[in-house]
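What the coordinates show
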Amino acid sequence: MASSSEGERSRGGRALAASEGAPEAGGGIDWLGGLPFLGVHAACLAVVWTGVSPVAIAVGALTLLTRMFGLTAGYHRYFCHRSFRTTRAFQFVLAWLGASAAQMGPLWWAGHHRSHHRHSDTGDDVHSPSAQGFLVAHFGWILSRANQRTKAEWVPDLLRFPELRWLDRNHYLAPLALGATLFALGEWLAAARPALGTSGAQLVVVALFWSTTVLYHLTFAVNSLAHRYGRRRYETDDHSRNLWWLAVITAGEGWHNNHHRYPASERQGFYWWECDLTHYAIVVLSWLGIVWEVRGPAAAVLEEGAGRPSRPVRAASRPAWR
Ligand SMILES: [Zn+2]
Ligand SMILES: [Zn+2]
């Protein structure tokens, strides 16, 4: 595995020094639009009133992992990159799971992410740590008024599904439904199993607000950390990095240099030792017949990554996100 060259590091470092602290990419901060995002963080503090219990932690871990799968397999690998196929019904399941992470709708997410692949680490990339500064890349861009709209021009293939357009407009329904379900579950447990020490409010705080906040920063770390720290196997036109420990805790998304080299691949851990939990789940779903035509990295890309001479593998007509 080739590590990042000094030239690459210093290039990124200079760009960062020149732009650290730069304002977000246009439009000013939308404080009202950012209220839910900031409010979820603040609501975590309500634990001082609700307390915490082992069952709340367990349910929180479950909602975290399930929604992470909605983001990694659904929003990212399916909707952004179309790296496997599935039924229209399961497509909606993936969209709903992703939306329940409170990171806007599938069309909004996919539009911004495809734009990121097209403009990676240039001035037009709204979450580049080298172009926008680390904090803007991590979460500041979310608060920018300029980034609130769905970039419909980037997702014409997804716009033809009315149920996806509906969910994109009403994305807040998914986290609200999860919150209502968690509250009902907590109240039922409080009545039926009082020894567990939980309540409706406690499950909402721990399994919704804590879990959503952790998931925000895991997702954002791929945009910020994995464009600055880690190793570069491929000399891509951006600053993307493979950061092994981030890949472990983001279900494979930390193999970000691999991903920028060949976004068409569902698998982001290209070699057997590169842990990619999302990929393992997709493999199981393919065994069950729920997904199919799961695309992997091109053989030439694997050879290139293994240190052998690279060959051009991308057709000139292929869009940047495939
Ligand atoms: Zn990236
Ligand atoms: Zn991507």
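Residues numbered from 1 in each chain as written. Chains lettered and ligands numbered in written order. Predicted model: local features only at pLDDT ≥ 70, side-chain atom pairs only at ≥ 80, totals over all residues.

**Side note on the overall build of the protein chain**
Of regular secondary structure, the protein chain possesses 16 helices and two strands. Taken over 322 residues, the protein chain has a buried fraction of 44%. The long-range share in the protein chain, meaning contacts at least 24 apart out of those at least 6 apart in sequence, stands at 70%. (Helix = DSSP H or I, 4+ residues; strand = E, 2+ residues; numbered from the N terminus. Buried ≥ 20, exposed ≤ 12 C-beta atoms within 10 Å, placed from the backbone. Contact = placed C-beta atoms within 7 Å.)

**A few points about unusual backbone geometry**
Even without being glycine, Arg-82 reaches a positive phi, approximately 50°. In this structure, Arg-82 sits in the loop between helix 4 (54-80) and strand 1 (85-86). The phi dihedral of Asp-121 is positive, around 60°, even though this residue is not glycine. Classification of Asp-121 by C-beta neighbours within 10 Å gives buried; the count is 24.

**Side note on the packing of helix 6 (residues 106-119) against helix 10 (residues 162-169)**
It is the contact of helix 6 with helix 10, at a shortest axis distance of 7 Å, that shows an interaxial angle of 90°. The angle between the axes of helix 6 and helix 10 places the two elements in the roughly perpendicular class. Here Pro-106, Leu-107 and Trp-108 of helix 6 come into contact with helix 10, specifically with Leu-164, Arg-165, Leu-167 and Asp-168. For the contact of helix 6 with helix 10, the class distribution of residues is five nonpolar, no polar and two charged. (Axes fitted to C-alpha atoms, helices over the stretch in contact; angles between N-to-C directions. Parallel < 35°, antiparallel > 145°, perpendicular 65-115°, else oblique. Nonpolar A, V, L, I, M, F, W, Y, C, P; charged D, E, K, R; others polar.)

**As for the nonpolar core**
In this structure, Ala-110, Leu-203 and Ala-207 are the most contacted members of the largest nonpolar core, which totals 42 residues. Those elements that place two or more of their residues in this core are helix 4, helix 5 (88-99), helix 6, helix 10, helix 11 (173-192), helix 12 (200-224) and helix 15 (277-287). Ranked by residues supplied to this core, first place goes to helix 12 with 10 residues. Those residues in contact with Leu-203, other than ones at most four positions away along the chain, are Ala-56, Val-59, Leu-182, Phe-183, Leu-185, Gly-186 and Thr-198. (Core = buried A, V, L, I, M, F, W, Y, C linked by C-beta atoms within 7 Å.)

**Digging into the packing of helix 11 against helix 12**
At a minimum axis distance of 7 Å, the contact between helix 11 and helix 12 shows a crossing angle of 135°. Judged on the interaxial angle alone, helix 12 and helix 11 are oblique. In this structure, helix 11 crosses over helix 12, and the sense of that crossing is right-handed. On helix 12, the residues that touch Leu-178, Gly-179, Leu-182, Phe-183, Ala-184, Leu-185, Gly-186, Glu-187 and Ala-190 of helix 11 are Gly-200, Gln-202, Leu-203, Val-204, Ala-207 and Leu-208. Split into classes, the residues belonging to the contact of helix 11 with helix 12 amount to 10 nonpolar, four polar and one charged. (Left-handed = near helix turned anticlockwise from the far one by under 90°.)

**Considering helix 15**
Here helix 15 has its buried residues at Leu-277, Thr-278, His-279 and Ile-282. Those residues of helix 15 that are buried are in contact with helix 4 and strand 2 (291-292).

**Observations concerning the confidence of the model for the protein chain**
One rule of thumb: low pLDDT means the predicted coordinates there are not for detailed reading. Residue-level pLDDT values for the protein chain average 88, and 87% of them are 70 or greater. Between residues 1-25, whose pLDDT stays under 50, and residues either more than four places distant or in other chains, the model counts 38 contacts. For the stretch residues 308-317, pLDDT sits under 50, and the model shows six contacts to residues farther than four places along the chain or on other chains. (pLDDT = per-residue confidence, 0-100.)

**Here's the deal with the environment of Ser-199**
For Ser-199, the location among the structural elements is in the loop between helix 11 and helix 12. The buried category is assigned to Ser-199, around which 20 C-beta atoms lie within 10 Å. Spatially, the C-alpha atoms of Ser-199 and Thr-50 are 7.8 Å apart, while their sequence positions differ by 149 residues. If near-sequence neighbours (up to four positions away) are discounted, Ser-199 is found in contact with Thr-50, Gly-186, Glu-187 and Ala-190.

**Some remarks on the environment of Val-204**
One can find Val-204 in helix 12. By the C-beta count within 10 Å, which is 23 here, Val-204 ends up buried. C-alpha of Val-204 to C-alpha of Ala-43: the two residues are 161 residues apart in sequence and 9.6 Å apart in space. Apart from the residues lying within four places of it in its own chain, the contact partners of Val-204 are Gly-179, Leu-182, Phe-183 and Phe-209.

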